[in-house]
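Below, each chain spelled out in residue letters.
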Amino acid sequence: SALHSYLFPKNTSNHRFYSKRQFSSAFTIGIIATLASSYTPSLAYAWSSTSSVIRNRSRRSISSSSGINSLLISLNKRENNNNNYYYKNHWIPNQHRTSISNNLRKEVIIRAMSTNNNNNDGDGDVAMNDSSSGWKRAKLSDDNDDDNNNGVKNSELVIGTHSGTFQADEALGVWLLRQTEVYRNAKVIRTRDLEVLKSSCDIVIDVGGEYDHSALKYDHHQRGYEERFLSDPERCSKLSASGLVYRHYGKEVISAYYPSLPSSLVDLTYNKMYDRFMEAIDAVDTGVEMAPEMAYNGFSTTLSSRVSRLNPRWNEPDDDTTNIDQRFEEASQMCGTDFLSVLTPVVESDLPAREHVQKAVLNRILTDDNTNDSNSSSSSSSNGRIITLSSGGLPWKNHLYDLEQEYNLTEETNTSILFVLYTDQSGMWRVQCVSVKGQAFANRLSLPEHWRGVRDDTLSEVSGIPGCRFCHAAGFIGGNDTYEGALKMAQTAIELASSSSSK
């Protein structure tokens, strides 16, 4: 009673809505949960919820029945959030929790009581902002609708480009410019008359034989032209006209569609969009030959090929300039649709995935930690070379390569990641080999040869690891019923490879 009076003074909303009886019930549940916490992680979390209610008494009003209900709701959410437990910053599926050891179970309790949303100050954990789930692409209209153009009116400026046969290069460049505030939905003049381009156009792309950003001229056909993305001499292609436009206006286009995206992520998106989309347009337009092993009939489905097919055929009448200009507009819109079809998953899927992969990389020592397992026969050489992802469906390979470079994790120093653990849709734990960068089928380290093509109990007997489900005949992926089993498969593969190389 005295504690209730202290925590919830009279004449306050908390006192009125949180009676002594309700307080007593909640506090009693908390005591019971504390006594039983060594056996039931869920009750430990319930106690942390009770404590949170008490600590936050002055921050919110509690309805007449919410004292107990808040605990039950919190407990229910914790138990049923993807049917998982939280262990070492990784989710453990509910159906596999019976295999968790006592030490792991204790850590589940500790994590449950110390975790606050996605931020954690524990050793080895990194606070991550999950606001990325809220990034949704803005809609930019083709008219003067202020609501769909973020208050930006259509531009009265004029974009100039060449007439005649068009390519994806200038069609895309025009679309990119039209997404910026200065040239929003600007008029286009297609001509090769230099006087008209000079007198009637405010910005000129892909014609004129000059590249000068200060003069708003963006051509790439002139002698001695050697511009490449980020001035990187290792790039396979020089910048086309659209590449030049992207160099100077690409970040503004990205920000127009994702105005709340932080500048650091705009920069990251800018680089990824060039790698995944823009460079191919540059290469086709500047005459970079496709590698023979990549030159197959599917090339006819590329954006450059589809735009090319919009041009009049050789035996069509060529005196209808209105028709070809309309086709150019169709081509430009096609380029924009393709650009956005790549931009959207980069921002709304890849960037949120990158946070998960980054967290897994930074917590790699926690994932692959043998030092506290007295029964482990794995050598310490495997530590830090295995990561666990919170979801098997997220794209991780390209992020992993980038993050390894960022954190200087290399093969030479034996610090690069060799295996990735995650659950599939059925809840099975997968152990997947990391492939060599730039190659689809060559692994940094494959699963042991004598495991390959073996399944279930036979595989468990061969490997000495309980719960094995399968090992692919190619040795790039395997499965186990439990997290511990999948981790053991990866650790054993590294140990066997290390033992073999030392002989």
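A short tour of the structure in this document, coming up. (Residues numbered from 1 in each chain as written. Predicted model: local features only at pLDDT ≥ 70, side-chain atom pairs only at ≥ 80, totals over all residues. Heavy atoms only, no water.)

Bringing the pairing of strand β4 (residues 187-190) into the picture now. Relative to β4, strand β3 (residues 158-161) is paired through four bridges, and the arrangement is parallel. The partner of G160 across the bridge, within β4, is I189. Crossover connection from β3 via helix α7 (residues 168-178) to parallel β4: handedness right-handed. (Pairing = 2+ DSSP bridges. Helix = DSSP H or I, 4+ residues; strand = E, 2+ residues; numbered from the N terminus. Right-handed = clockwise from strand over helix to strand, strands pointing away.)

A few words on the pairing of strand β11 (residues 468-471). Bridging between β11 and strand β12 (residues 477-480) involves three bridges; their strand directions are antiparallel. Residue F470 lies in a different strand from β12, and its bridge partner there is G479. Between the antiparallel neighbours β11 and β12 lie five residues, among them G475 with a positive phi of about 75°.

A full pass over the atoms with the stated rule returns 14 aromatic pairs. Relative to F328, the ring of F166 has its centre 5.8 Å away and its plane inclined at 75°; by these criteria the two rings are edge-to-face. Of this pair, F166 sits in the loop between β3 and α7 while F328 sits in helix α12 (residues 321-362), and the two are 162 residues apart along the sequence. You can call F328 buried: its relative accessible area is 0%. The interplanar angle of 5° and the centroid separation of 3.9 Å between the aromatic rings of F229 and Y274 together place this pair among those described as stacked. (Phe/Tyr/Trp six-rings, centres within 6.5 Å; stacked < 30°, edge-to-face > 60°. Buried < 20%, exposed > 50% of the residue type's maximum accessible area, 1.4 Å probe, protein only.)

The next thing to look at is the nonpolar core. L172, L176, Y246, L261, F339 and L343 are the most contacted members of the largest nonpolar core, which has 54 residues in total. Sorting the residues of this core by element identifies α7, β5 (203-205), α9 (241-257), α10 (263-285), α11 (303-308) and α12 as the ones contributing at least two each. Broken down by element, the residue count for this core peaks at twelve residues, all from α12. Not counting residues up to four positions away in its chain, the partners in contact with L172 are S242, F277, M278, I281, C335 and F339. (Core = buried A, V, L, I, M, F, W, Y, C linked by side-chain atoms within 4.5 Å. Contact = heavy atoms within 4.5 Å.)

This next bit is on the sheet that holds strand β6 (residues 211-212). Strands sit in the order β4-β3-β5-β7-β6 across an open sheet of five strands; the sheet is mixed. The open sheet has two free edges, formed respectively by β4 and β6, since each of these has just one partner strand. The sheet contact formed by β6 and strand β7 (residues 217-218) spans two bridges and is antiparallel. Residue D212 lies in a different strand from β7, and its bridge partner there is K217. On the sheet, α7 packs against β3, β4 and β5 and is oriented at approximately 150° with respect to β5. (Axes fitted to C-alpha atoms, helices over the stretch in contact; angles between N-to-C directions.)

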